[in-house]
Amino acid sequence: MQIDKPKEDTYLHKGMRKQLVDSLRSKGIKDEKVLAAINNVPRHFFLDTAFERIAYEDRAFEILAKQTISHPFTVAFQTELLQIKKFDKVLEIGTGSAYQSCILAEMGAMVFSVERQRELYDFVDKNFSFIKKYPMIRRFYGDGYVGLPTFAPFDKIIVTAGAPFVPEKLIEQLKPGGIFVIPVGDGNGQRMLKITKEIDHKIITEELGDFDFVPMLEGRNG
Ligand code: SAH
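Predicted model only: the values in this text are computed from it and were never measured. (Residues numbered from 1 in each chain as written. Predicted model: local features only at pLDDT ≥ 70, side-chain atom pairs only at ≥ 80, totals over all residues. Heavy atoms only, no water.)

## Section: unusual backbone geometry
Move 1: Backbone torsion omega between A152 and P153 reads 5°, so that peptide bond is classified as cis.
Move 2: Structurally, P153 can be placed in the loop between strand 5 (137–141) and strand 6 (154–159).
Move 3: For A98, which is not a glycine, the phi torsion comes out positive at approximately 80°.
Move 4: Checked against the element boundaries, A98 lands in the loop between strand 3 (89–93) and helix 4 (99–106). (Helix = DSSP H or I, 4+ residues; strand = E, 2+ residues; numbered from the N terminus.)

Rendered as structure tokens:
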């Protein structure tokens with residue numbers, strides 16, 4: 001994996017990004033703030049140089065340790081469900097390349113992102129200097145099943161790995177009035193769940209389509 005070279009964001013990349021945004025719009029993404037963030041964050045900065053020309057296709061790529069950067073559609077879909085507002089405190093489980101973290105930060109969120117793979121956690125520091133543009137992203141090496149109780153509660157929670165069930169601890173760390181988006185299912189795909197905690201703590205769950213994520217695993221690794 002060769003990422004640590006300085007990267008440029010050329011007119012060609014900007015043009016490809018605009019096409020990607022148009023294609024996401026035609027696939028049903030409506031939130032213009034989400035589309036603007038996708039337009040502003042250079043996805044090719046998060047990928048091996050070899051993928052530079054195809055970084056703006058709507059597909060997932062392997063980054064390291066068998067983990068992937070999600071499809072742009074998936075990133076846009078989950079972000080849209082979160083209804084991000086400026087200064088929202090967002091807990092993200094599964095930092096991966098930190099592309100999703102940067103999209104949230106670009107929208108003005110304060111991001112608390114947890115990654116369980118030590119290798120990947122360190123890799124982001126070494127290779128993605130772009131992330132320094134967003135001091136509102138805080139990254140943690142930890143287990144997403146535990147969340148970040150010290151920093152709770154959160155306005156929004158997003159899980160970017162396929163979970164076998166909805167972790168109770170994450171529900172506890174969601175503010176009343178908050179939104180929690182998580183793909184739930186087995187290794188053969190997941191249903192996207194949007195979980196809303198109402199002011200009286202009542203939980204409402206909506207199912208919103210099928211996705212295919214790498215698994216959310218127990219414990220830290222590394
Ligand atoms: N959001 C990422 C995509 C991540 S892929 C991006 O934009 O690139 C899913 C990530 O979840 C992987 O990096 C994987 O290591 C991580 N993961 C899986 N189980 C986890 C857990 N229990 N806690 C934290 N991270 C976890």
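## Here we look at the site of the ligand
Move 1: Taken together, 27 residues lie near the ligand, and G94, S97, E115, G144 and L217 sit nearest.
Move 2: Within the backbone of G94, a nitrogen or oxygen atom sits 3.0 Å from a nitrogen atom of the ligand.
Move 3: Here a nitrogen atom of the ligand sits 2.7 Å away from a polar atom, N or O, in the main chain of G144.
Move 4: For the shell around the ligand, the elements supplying multiple residues, two or more each, are strand 2 (67–69), strand 3, helix 4 and strand 4 (110–115).
Move 5: When residues in the shell around the ligand are grouped by element, the largest group, three residues, is from strand 2.
Move 6: Grouping the constituent residues of the shell around the ligand by class yields 11 nonpolar, 12 polar and four charged. (Near = heavy atom within 4 Å. Polar contact = N/O pair within 3.5 Å; in protein donor to acceptor, adjacent residues only side chain to side chain. Nonpolar A, V, L, I, M, F, W, Y, C, P; charged D, E, K, R; others polar.)

## Things to note about the pattern of salt bridges
Move 1: One pass over the structure, following the stated rule, counts 13 salt bridges.
Move 2: As a salt-bridge pair, D122 and R118 come within 3.4 Å of each other at their nearest N and O atoms. Of this pair, D122 and R118 both sit in helix 5 (residues 118–127), four residues apart, which is roughly one turn of that helix.
Move 3: Here R191 and D210 are joined by a salt bridge, their closest N and O atoms 2.9 Å apart. Taken together, the residues R191 in strand 8 (residues 189–197) and D210 in strand 9 (residues 203–211) connect sequence positions 19 residues apart.
Move 4: Note on D210: relative accessible area 57%, which makes it exposed. (Salt bridge = Lys/Arg side-chain N within 4 Å of Asp/Glu carboxyl O. Buried < 20%, exposed > 50% of the residue type's maximum accessible area, 1.4 Å probe, protein only.)

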